[in-house]
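Given next are the chains, with one letter for each unit.
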Amino acid sequence: MPRLALYALVVCVLALAAAVTSFVQGSVLIGIVWVLLVGLSSNMAWYYLRRRKAGATQ
């Protein structure tokens, strides 16, 4: 697994935990921001994984 994909995956998991915590505590707006960060970091992880996979086949 590429290092940047691993970092993005770690950020995704931590942001998901922060989003759940925010929603449980009643901070809906902050929770939405964390959910957006989850989406961004998961897309980054997929991008770096696909980029490595495409580079390995060529």
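Read on for an overview of the structure.

Here the focus is the overall build of the chain. Along the backbone of the chain there are two helices and zero strands. Expected size for 58 residues packed as a compact globule is a radius of gyration near 10 Å; at 14 Å, the chain overshoots this value by more than 25%. Here the C-alpha coordinates of the chain stretch approximately 50 × 15 × 10 Å along the principal axes. The burial tally for the chain puts 22% of its 58 residues in the buried class.

With 30 residues, helix H2 (residues 28–57) extends 44 Å from end C-alpha to end C-alpha; this agrees with the ideal 44 Å at 1.5 Å per step. Elements that come into contact with the buried residues of H2 comprise helix H1 (3–25).

Their axes nearest at 8 Å, the elements H1 and H2 cross at an angle of 160 degrees. By the angle between their axes, H1 is roughly antiparallel relative to H2. In terms of crossing hand, the pair formed by H1 and H2 is left-handed. Of the residues contributing to the contact of H1 with H2, the split by class is 22 nonpolar, four polar and no charged.

So, about a nonpolar patch on the surface. A cluster of nonpolar side chains, contributed by Met1, Leu4, Leu6, Tyr7, Leu9, Val10, Val13, Leu14, Trp46 and Leu49, occupies part of the molecular surface with about 1,000 Å² of accessible area. Listed by contribution, the elements that provide at least two residues to the nonpolar patch are H1 and H2. At seven residues, the largest contribution of residues to the nonpolar patch is made by H1. Within the secondary structure, Met1 is located in the segment before H1. Here Met1 falls in the exposed class, since its relative accessible area comes to 57%.

Further remarks concern the environment of Val38. For Val38, the position within the fold is in helix H2. Once the C-alpha coordinates of Val38 and Ala18 are considered, the two residues, 20 residues apart in sequence, prove to be 9.7 Å apart. The residues contacting Val38, other than those within four sequence positions of it, are Cys12, Ala15 and Leu16.

Parameters and conventions
Residues numbered from 1 in each chain as written. Predicted model: local features only at pLDDT ≥ 70, side-chain atom pairs only at ≥ 80, totals over all residues. Heavy atoms only, no water. Helix = DSSP H or I, 4+ residues; strand = E, 2+ residues; numbered from the N terminus. Rg over C-alpha atoms; globule rule 2.2 N^0.38 Å. Buried < 20%, exposed > 50% of the residue type's maximum accessible area, 1.4 Å probe, protein only. Expected span 1.5 Å × (residues − 1). Contact = heavy atoms within 4.5 Å. Axes fitted to C-alpha atoms, helices over the stretch in contact; angles between N-to-C directions. Parallel < 35°, antiparallel > 145°, perpendicular 65-115°, else oblique. Left-handed = near helix turned anticlockwise from the far one by under 90°. Nonpolar A, V, L, I, M, F, W, Y, C, P; charged D, E, K, R; others polar. Patch = residues over 30% accessible without salt bridge, like charges linked within 9 Å, V, L, I, M, F, W, Y side chains within 5 Å. Areas by Shrake-Rupley, 256 points an atom, 1.4 Å probe, with all protein chains shown as cover. Salt bridge = Lys/Arg side-chain N within 4 Å of Asp/Glu carboxyl O.

It is worth stressing that arrangement in space is one thing and function is another; only the former is reported here.
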